[in-house]
Amino acid sequence: MVVLSAAVTTKAGKVVLSRQYRELSRIRIEGLLAAFPKLIGTDRQHTYVETDNVRYVYQPVETLYVLLITTKNSNIVEDLETLRLLGKILPEYSPRYGVVDEESVMEAAFEIIYSFDEVIDWGGLRENVDLQQIATFTEMYSHEERLVKMIQESKMAEAKEERKRREEEIRRQRSDGGDRLGMLGNELGKMLQAGGMGSFAQDLGLTGLQNKAAANAAYAAAGGISSDSYAQQQSTMGMGGGGGMGMSGMGSQMGMGMNMRNVISSSSGYGRSNAGPPPVAGTAAKKGMSLGKGKKQDNILDSLRAEGEVVDAPVSRLKGAKANAAAAAAYVPPSQAIHLATIEKLNLTVSRDGGIQNMEVKGDLMLRVTDSAKAGIRLQVSTGGAESNGVQFRTHPNVDRTLFSTQGLIGLKDPKRPFPTGNPLGVLRWRLVTKEEDKAPLLINCWPSDNGDESVVNIEYELGASKELRDVVITIPIGTSSQPTVNQCDGEFVYNSRTQSVEWRLAMIDESNSQGSLEFSTGPTDANAFFPINVSFSSKYTYAPIVVSQVALVSSGEPVEFGHDVSLVPDTFSIV
Amino acid sequence: MSSVKLGTMTSALERQCTLLIHQDIAPEDADELKKHLESGDLESKAEALKRAISMQLSGEPVPGMLMMVIRYILPHEDTHLRKLGLYYLEIVDKHGPDGKMLPEMILVCNMIRNELVHPNEYTRGCALRFVCKIHDAEILEPLIPSIRQNLEHRHSFVRRNAVLAVHTIFEKFEFLIPDAPELVEEFLAEEGDLAAKRNAFVMLCQSDQDRGVNYLNNNIQHIPMWGETLQLSALELVRRVCRANPLEKGQYIKIIFVLLQSPSAAVVYESANTLISLSSAPTAIRAAAQCYCQLLATQSDNNIKLILLDRIVDLRKSQSAVLQELVMDIMRALQSPNMDIRRKTIDLAMDVITRRNVEEVVGVLRKELVKTMSAETSQEKDTVSQYRQLLIKAIHSASVRFPEVAGTAVSVLSDFLADTYGDAATDVIIFVREVCERYENLRSEVLKRVLFMLPSIRNASVVRGALWVLGSYSEQPQDVKEAFQAVLSGVGRLPLTNGLEEDGEGEEDEDEVEKEAKPAPKSKRPTILADGTYASQIAETELVTGAGSSTNAEKTGPPIRSLLMAGEYVVGVAVCTMLTKLVLRVKSYDNAPPVFVNRVRAEAMLVCASLLKFGKSHYAPVAIDDGSAERIISCITTMNGETNGDIWLESSREAFHEVIRVNEERQESAAQEKAKKDETPVEEVIDFRLLRSRRTTAATEADVDVDEMALTSATTGSSTSQGFQLSRITQLTGMSDPVYAEAHITVHQYDIILDVLVINTTNDTLQNLTLELATMGDLRLCERPQSYTLGPGDRKTIRANIKVSSTETGIIFGNIVYDVAGAGSASGCVILNDIHVDVMDYIEPGEVSDTDFRSMWAEFEWENKVAVNTTCKDLSQFLDFVTECTNMRCLTLRGIEEESGYLAANLYARSVFGEDALVNLSVEKAPDGSLAGYIRIRSKTQGIALSLGDKITLKQSQKQGPK
């Protein structure tokens, strides 16, 4: 049941347009269409042709053919139905009423293709539509779009009003005198902040001293709101009018906007319920029907059984359920309201003779608050004297820097403001650049040697600056497709034929196995082929031993429960 | 990722193509287009964008267009314009020449995201549809959240397209929506819209079969209430599941039986297909076949009927027993006026005919035959007579295979001996002849019939056939006597003279005949039928009208006489031969009184003599030809006893016997060949699905199901690449040329693919190296050459595609031009050898009946006559040589060329484009042993005739060369 392509050609065989519903190369579709006129005979009374691979089903419409190219086992009854519908589309969209010829089809080519697209889905299956529906779909008139536009317009008008009013006010105040301006700016900022427009509020709060700037910002806020509102509308549409508009206090017209939204959401609810589960009446009707037919069917089934067909095999229904459970287990939501993560990324390039070419560690302390009631907090952090090792710390611009440097506390500059909730926020960042070899977490020494008919590679590792590394994978490219043989190996040895590389896996490296080696041999290969060696691992011991000792609410000083993850992973760790 | 690479590596022609629009507008100025796009007028914007799309499609993209579209179209507030913009994005190249994604795509991505969250549901739907056609994970990735969101949109139009988008993305880039099956499953559980449900179900079936099965099982009671499209998808799923896991078949067979009762023809058809693919138990097959028959009777569309018949024919191979029961149902398709359907039905019926149902089948055929008689007045005569011929042939073959029906068949068919229109009568007489030969017990019956019909037969060739039958098979004295008398009265009063005075006698003769053969009361007046027309098939009516007017005097008298009078000497010869045979037969009776024998002989000789005389007299419209005269004289001499009579009685029948035998052998060998094709070769791997599924995963190559195989073969074409063959390599340049090139030619059906290997043999870098090709003949290049840069000693394979539209020898020629990198901008050019495209690649030997051959021979316009010019001394060797070098099949019986010293053979072949090629060889062996004659080639198009002629001439001279 697959339509590969729908096309319109002239009787002479020229392709006027064609639309493909499966992935076909241009050369293939052109070939298929070129073959078509040769295949149709003149005196046939049927309108399909089959070749080795495809079936053409066509229908003459005035001087043209409407043509479907389908697979050979396609359902002919369906295809003819589709074809009939396509044939009706042509006169419908002709620029000269009802006239169908090459010229008119060409002129209306796009409209016709739009309609074809409504009849056949991408993938080649037929949609159950009629001409009326096609017309609706292609007209694209949307009630919702109009509503949204109206809301938008009303809000624009409203914002303009507001702007005018403010401008008026400011002008009046300017004439009153300068010192009250700062207060006004602050006030405006707070108001907007309360409405959730955090960033604007901040801007206003900081720059509120200049009256001109304040006016500009207010204008920008108004403009920003009107452009943002569209997206917000969208997000609230399905949920039925949640909060977050943040402008409810601004004018009476807004109320109307909200009302309208309610109308939409309620009507959407209606639409959904319409599309609910199938009516119950159906099952009852079915029972009545099956009484009569059951017997005959049973007869057939009995005879099938007699002929050795398996008719009553049980069907396992558990498979789907199991898969569901597995999927559910994969995602575990964070359980605590406040979650901290120390993430260090290592970029390390070591030359094969030893020296470090370049080593950089980048760390972040990420804070994620999921409960907005506990967002106003401060963190007690100790850096463990990492500064003396050359680690440079930087705080987020909104974090009070002096508080951090003097007391080791991380909190926002404005103590009344809470941390944003939902998304993780990087509050502290640090960086370490070094060339000292003993800072490397793992030292790797690789000695390839070529003895004529095979290459022997000796690799050894030594635990460096790190205390413990987990899931270490050392990947050595071998440059040939021949299977290497292992002579000696600590840990696990895996050959990956696709990437032509050897993976040396060590589940954990710590004090107990701070050294290890691997020796394997492979076909004769240039020594350079074994580089670059890449290493990946994960570790709980970071270069900057950040410890968060306490998280407390700013308002009451009460400690809050929190979680903390620490990880060090290499971004790149290669021996070149 | 692989698809990304694919997109960049392949040429424009091998890229996916979703849209083709032909437009003849001249390529427009790019600046003009841009100006229009920028303008505020909606109409001109849309128009300009359409132009841009068609230019892009015709391979002349406007540079910088993408940016223009991004700036001026996609953010526009008009929904239709934005939709058009999406179509542009669909066809535009999303990758730069370096294979990396264009930076503009990031902007595009954002635009699409906006569309996906647009308040207009149709805009969303179109955007989702567009998303299906994106092949880049990078573009898709940021769109995923919006797409998922759309699954919950309140408008079904959006939801249905969202599911589709999720499906295609999951198929292409599983990692983007790893939880798609769960998502869709949940979606399906709540969905109410049929189309969206269908799409979701299809998605589950193809991506996560278990979930699909689960859904199907949970809703098994509701299936009969489902919409048509959903039922069809369910059937597809059932097919897949059962193929993968035959043990679960039982569960689903019930569903299929329920769906077989569906009111929708499409569903019934599909259910029947599914049933057949699942089970080969006779009950299942019977149920399915019954459905086919029922559809055959109820569907009015010819296409459906034909395809249904095809499906039934497929069944025949494995399940002929079931079809034998249903043959009467199948025969109902004969009601259709369409000849193709009738032909197919009859072919099918003939195939499944058995001893048990043959009576019934022949009964139906007979009824149909009777119907054609009454239909003749109202319907087009051509089709009726075609149909009649078809029926006659069918009855013929049935009675050849089953002697018990031959008797009834003869009685039915012999009524048509007098049929004047078309070739039906000829077919009947051929049939009658064969029956006489095969079934001795029927002979007397047949002879009686023929004698009865003889006076009303008007067609010369039928008369000849009838006379031959009478002459050869009248063995009993009574038969001989009747035959003799019938012919004498047919010839009428002797001597054969033209004129009014003869009419009286003619009439008398006629009366005698009537009295003997047809005791029915005859009327002298034209009979008026119920519908007011004149009945005109009775001979004496014509006689009456003929007697009144002297203008058509030749037509008067019994048909044989009128034929003779019209100058049909071949009939005359047949009469004489037949009389001679009868005389010889009479002579051979032991107890025949010599007086009687002599009288018979005298009468026969009189007929012969008067024929001769008539032929030479001035009455005759044309004078008798020498051949006929010779034959008649030899008749007379034989009757005189001067030559041996055995040859007359025995040899001709033996020859005929031989013909029948050869025909039979040919049919048998054809049947054997066919059977061989159906047979599984010994070395074929036997596939135990159960065993295999344990050691490999379900999706091994061999497990790809039929549907998918059909799909892949349809989308990619047959993978009959002949592979790499050294013989197909043509060297294009010399070894010492700065650029060495050779081409590997692959001929697909309508495409020639040239893989040209180019090697830079110099020590310089060659820039702008371009392979320029041109063609002669019916070939068309479909790509513009690209230019390449080749370093010293570098090599590159350039692929060129050439389209062929008819069978013709073509020549591809060209050159390679390049610039030498370095200080002096020296450029060079290497002329390539010509590549000859051989007509033989397109020709396949075919089979066609003699009559078709003749009608085509008469119809075709182009003839190419090639004189035979060979050193070959042997006729049959020469024929072999010609068939071999033209790849044609010989239609003529072989074997006696050497004895006869001449050769006349027809050859036939068919091209892959469906063109017919006819060849006739007329060659004579000269006394000195050399061969002389002509080879005539005829075809509908000039190309074939010329190319084949050239080919033969070439081969002839080549053959001579080495000798």
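Residues numbered from 1 in each chain as written. Chains lettered and ligands numbered in written order. Predicted model: local features only at pLDDT ≥ 70, side-chain atom pairs only at ≥ 80, totals over all residues. Heavy atoms only, no water.

Caption draft 1: Structural context of helix α2 (residues 76–93) of chain A. Residue and element names in this part refer to chain A. Its 18 residues place the ends of α2 26 Å apart at the C-alpha level, agreeing with the 26 Å of an ideal helix rising 1.5 Å per residue. The element α2 is extensively covered by neighbouring structure, given that 13 of its 18 residues are classed as buried. Its side-chain oxygen at 3.1 Å from the backbone nitrogen of Val 77, Asn 75 defines the N-terminal cap of α2. (Helix = DSSP H or I, 4+ residues; strand = E, 2+ residues; numbered from the N terminus. Expected span 1.5 Å × (residues − 1). Buried < 20%, exposed > 50% of the residue type's maximum accessible area, 1.4 Å probe, protein only. Polar contact = N/O pair within 3.5 Å; in protein donor to acceptor, adjacent residues only side chain to side chain.)

Caption draft 2: Highlighting the sheet that holds strand β15 (residues 485–489) of chain A. Residue and element names in this part refer to chain A. Within the open sheet, the four strands sit side by side as β12-β13-β18-β15. Their pairing is antiparallel. Strand pairing shows two members of the sheet lacking a second neighbour, β12 (442–450) and β15, which therefore form its edges. Geometrically, the sheet is characterised by an average inter-axis angle of 15 degrees between neighbouring strands, direction not taken into account. Examined bridge by bridge, strand β13 (residues 455–463) and strand β18 (residues 515–522) share eight bridges and lie antiparallel to one another. Paired with Val 456 across the two strands is Ser 521, which belongs to β18. (Pairing = 2+ DSSP bridges. Axes fitted to C-alpha atoms, helices over the stretch in contact; angles between N-to-C directions.)

Caption draft 3: Looking closely at the pairing of strand β6 (residues 751–760) of chain B. Residues and elements named next belong to chain B. Of all 10 residues in β6, 10 are buried; the element is thus mostly enclosed. Burial of the side chains of β6 extends over both faces: Asp 751, Ile 753, Asp 755, Leu 757 and Ile 759 are buried on one face and Ile 752, Leu 754, Val 756, Val 758 and Asn 760 on the other. Where strand β5 (residues 739–747) meets β6, nine bridges bridge the pair, whose relative direction is antiparallel. The partner of His 744 across the bridge, within β6, is Asp 755. Judged from the nine bridges that link them, β6 and strand β10 (residues 795–804) form a sheet pairing that is antiparallel. By the bridge assignment, Asp 751 is partnered in β10 with Lys 803.

Caption draft 4: Molecular detail of the pairing of strand β21 (residues 563–575) of chain A. As paired elements, strand β6 (residues 338–350) of chain A and β21 of chain A share 12 bridges and run parallel to each other. Within β21 of chain A, the position partnered with Lys 345 of chain A by the bridge is Val 569 of chain A.

Caption draft 5: Structural view of empty space enclosed by the protein. Considering all chains together, one arrives at 11 cavities of 30 Å³ or more under this definition. Lining the largest cavity are Arg 19 and Asp 117 of chain A together with Lys 83, Leu 86, Tyr 87, Glu 90, Cys 126, Arg 129, Phe 130 and Lys 133 of chain B. Elements supplying a minimum of two residues to the lining of the largest cavity: α5 (79–91) and α7 (121–131) of chain B. For the lining of the largest cavity, the leading source of residues is α5 of chain B, giving four residues. The residue inventory of the lining of the largest cavity, partitioned by class, reads four nonpolar, no polar and six charged. (1 Å grid on protein atoms, 1.4 Å probe; cavity = no way out; pocket = protein on both sides within 12 Å on 5 of 7 lines; lining within 4 Å. Points joined across faces, edges and corners; volume = space filled by probe spheres on them. Nonpolar A, V, L, I, M, F, W, Y, C, P; charged D, E, K, R; others polar.)

Caption draft 6: Local environment of the packing of helix α26 (residues 477–491) of chain B against helix α31 (residues 594–616) of chain B. Residues and elements named next belong to chain B. Put simply, α26 and α31 touch, their axes get as near as 11 Å, and they point 30 degrees apart. Relative to α31, the element α26 lies roughly parallel. Of the two elements, α26 crosses α31, and the hand of that crossing is left-handed. Where α26 approaches α31, its residues Phe 484, Leu 488 and Val 491 are matched on the opposing element by Val 600, Glu 603, Ala 604 and Val 607. (Parallel < 35°, antiparallel > 145°, perpendicular 65-115°, else oblique. Left-handed = near helix turned anticlockwise from the far one by under 90°. Contact = heavy atoms within 4.5 Å.)

Caption draft 7: Local environment of the packing of helix α10 (residues 156–172) of chain B against helix α11 (residues 180–190) of chain B. Residues and elements named next belong to chain B. At a minimum axis separation of 10 Å, α10 and α11 run at an interaxial angle of 160 degrees. Put simply, α10 runs roughly antiparallel to α11. For the pair α10 and α11, the sense of crossing is left-handed. Here Arg 159, Val 163, Val 166 and Phe 170 of α10 lie close against α11, whose contacting residues are Ala 180, Pro 181, Val 184 and Phe 187. Along the lines of polarity and charge, the residues of the contact of α10 with α11 split into seven nonpolar, no polar and one charged.

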